[in-house]
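Secondary and tertiary structure notes
The residues making up each chain are set out below.
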Amino acid sequence: MESRSLVNFSGHQYLRQRLVLSILTGKHVRIDKIRSEDKDPGLRDYEVSLLRLLEKVTNGSVIEISVTGTAVLLKPGVVSGGPVTHDCPLSRSIGYFLEPLVMIAPFSKKPLQLTLRGITTDDNDLSVDLIRTVTLPHLQLFGISDGLELRIKRRGAPPEGGGEVQFLCPIVKEVKTLNFVDPGKIKRIRGIAHSVRVNPQFSNRMIDASRSVLNRFIPDIYLYSDVYKGDESGKSPGYALSLLAESTTSAIHCSEAASSPGETPEDIALLATRALLSEIRHGGCVDRKHQSLVLLMMVLGSEDIGQCRMGEPSVRTVQFLRDIKVFFGTVFNITPVDSSNTELLYSCLGTGYVNVNRSLA
């Protein structure tokens, strides 16, 4: 194997984005020193599970994990798509597994029909509600829309889980160039409050507490109470609130908070609401949770200059930009919009990425 097609990294952080970039570019990636200093070294169960899932959605991928689990080598194959079912471990929520797949799925051979089972909402990763209402609309900016859907069949709160979601994604030949530089003004706020295996009144209490803050700013607020009964509500009790603010130019900012022991529904609602206001204040056309997705799609766009206005990059985004440079050789030009605010204009030349898997079908 030629050394130039092998990319080396160290450490367990940013594992997901590196695997995604490897699969999209076809470059082999080797990641070593995975928690080598830890008293429990090596890959965690959810990371191994993610590797297994990537193996299911691709054809011909070779994954080699060292005996101690501190090094992994991925030789990516063809993204095949089709029907896939996967049980996620209870150490991370379904969002951890869905995020990388949302980036890969549009470039598969056949439309992906993915069923994931496990925890649907927790405090570490994006919940399935936000992926449905915020992440998928971001894909539509790039012309990936017909048949794009996420169905929440059952909810599953931590620790026991028991949730199930179905993700349907169409395939595209190539991605449109993005030009999104006007953030607009916030015109409406939407939200979903759900509670499972607890008093159904909890949803209403979260909605009332959230409204008490948001009503000062804008009249168009609709917070939806999502009730799941019996078998559909999973195995553990829990509740959460997901909020999103949409602007006149369809820029979306989102936040969420999930229940933890000893916290009242009002506490959760205030946490989510303040996080939403903080996201809006951060500015731009894309919120911090979706910077990586949008930047990746800009790189994959047609051979034209794509632009997007966003707030300051998060630590994860900064590393993602570095990894993009390693895999694609693409460098972003980042300039301040004006001196009065902290927003930045990200622009890059698309690589003209074409879905070669599709032509094999």
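Residues numbered from 1 in each chain as written. Predicted model: local features only at pLDDT ≥ 70, side-chain atom pairs only at ≥ 80, totals over all residues. Heavy atoms only, no water.

Moving on, we come to the pattern of salt bridges. Inspection of every chain in the model, using the stated rule, returns 21 salt bridges. The partner of Arg92 in a salt bridge is Asp125, with the nearest N and O atoms 3.0 Å apart. With Arg92 in the loop between β7 (81-87) and α3 (94-104) and Asp125 in the loop between β8 (110-118) and α4 (128-140), this residue pair connects regions lying 33 residues apart in the sequence. Exposure class is identical for Arg92 and Asp125. Each is buried. Between Glu343 and Arg309 there is a salt bridge; the shortest N-O distance is 2.5 Å. A residue pair is termed long-range when its members are at least 10 positions apart, and Glu343 in the loop between β17 (333-336) and β18 (344-349) and Arg309 in strand β16 (residues 305-310) qualify at 34 residues. By the burial criterion, Glu343 is buried, and Arg309 matches it. (Salt bridge = Lys/Arg side-chain N within 4 Å of Asp/Glu carboxyl O. Helix = DSSP H or I, 4+ residues; strand = E, 2+ residues; numbered from the N terminus. Buried < 20%, exposed > 50% of the residue type's maximum accessible area, 1.4 Å probe, protein only.)

Throughout the structure, instances matching the rule amount to 2 cavities of 30 Å³ or more. Estimated volume of the largest cavity: approximately 70 Å³. In this structure, the largest cavity is lined by Glu99, Val102, Met103, Leu126, Thr135, Lys289, His290, Ser292, Leu293 and Arg316. Listed by contribution, the elements that provide at least two residues to the lining of the largest cavity are α3 and α7 (291-300). The element that contributes the greatest number of residues to the lining of the largest cavity is α3, accounting for 3 residues. In terms of residue class, the lining of the largest cavity is built from 4 nonpolar, 3 polar and 3 charged. Space inside the second largest cavity adds up to approximately 30 Å³. As for the second largest cavity, its lining consists of Val57, Val79, Gly81, Leu101, Ile104, Ala105, Ser108 and Leu112. Each residue belonging to the lining of the second largest cavity can be placed in one class, and the counts come to 6 nonpolar, 2 polar and no charged. (1 Å grid on protein atoms, 1.4 Å probe; cavity = no way out; pocket = protein on both sides within 12 Å on 5 of 7 lines; lining within 4 Å. Points joined across faces, edges and corners; volume = space filled by probe spheres on them. Nonpolar A, V, L, I, M, F, W, Y, C, P; charged D, E, K, R; others polar.)

Taken together, 4 strands build an open sheet; the order of strands is β7-β8-β10-β9 and the sheet is mixed. Only two strands of the sheet have a single neighbouring strand rather than two, namely β7 and β9 (149-154). Strand-to-strand twist in this sheet, taken as the mean axis angle between neighbours without regard to direction, amounts to 10 degrees. Contacts from α3 reach β8, β9 and β10 (163-169) within the one sheet, and its direction differs from that of β8 by about 170 degrees. Relative to the sheet, α4 contacts β9 and β10, its axis offset from that of β9 by approximately 165 degrees. (Pairing = 2+ DSSP bridges. Axes fitted to C-alpha atoms, helices over the stretch in contact; angles between N-to-C directions. Contact = heavy atoms within 4.5 Å.)

Bridge count for strand β12 (residues 186-196) against strand β14 (residues 238-247) is 10 bridges, and the pairing is antiparallel. Opposite Ala193, over in β14, you have Leu241 as the bridge partner. In this sheet, strand β13 (residues 221-227) lies alongside β12 in parallel orientation, the contact comprising 7 bridges. In the sheet register, Arg190 faces β13, and the bridge partner there is Tyr222. In the classification by handedness, the crossover that spans β12, the intervening helix α5 (residues 201-214) and the parallel β13 is right-handed. (Right-handed = clockwise from strand over helix to strand, strands pointing away.)

For the rest of this paragraph, the subject is the layout of surface pockets. Size it by volume and the largest pocket reaches roughly 650 Å³. Taken together, 35 residues line the largest pocket, and the ones lying closest to its centre are Arg16, Arg92, Asn124, Asp125 and Arg316. Counting only elements with at least two residues in the lining of the largest pocket, the list comes to α1 (15-25), α2 (45-57), α3, β15 (252-258), α6 (265-282) and α8 (315-328). Taken together, the residues of the lining of the largest pocket sort by class into 14 nonpolar, 8 polar and 13 charged.

Further remarks concern the sheet that holds β18. The strand order across the open sheet formed by 4 strands is β11-β16-β18-β17, and the pairing between neighbours is mixed. Taken across any chain shown, the strands that pair with only one partner, and hence form the sheet edges, are β11 (179-180) and β17. Looking at chain direction, β11 and β16 are connected through 2 bridges and run parallel. Residue pairing for β16: Asn179 is matched across the bridge by Gln307.

With that settled, consider the side chain of Glu164. Examined against the element boundaries, Glu164 turns out to sit in strand β10. Judged by its relative accessible area of 15%, Glu164 is buried. In terms of polar contacts, Glu164 uses its side chain to reach the side chain of Arg117, at 3.5 Å. Beyond its immediate stretch of four places on either side in the chain, Glu164 contacts Thr115, Leu116, Arg117, Thr120, Arg151, Ile152, Lys153 and Arg154. (Polar contact = N/O pair within 3.5 Å; in protein donor to acceptor, adjacent residues only side chain to side chain.)

With respect to the helices and strands, the residue Gly77 is situated in the loop between β5 (72-75) and β6 (78-79). Judged by relative accessible area, which is 24%, Gly77 ranks as partly exposed. On a C-alpha basis, the gap between Gly77 and Gly26 in space is 7.2 Å, while along the polypeptide they are 51 residues apart. Excluding residues that lie within four positions of it along the chain, Gly77 makes contacts with Asn59, Gly60 and Ser61.

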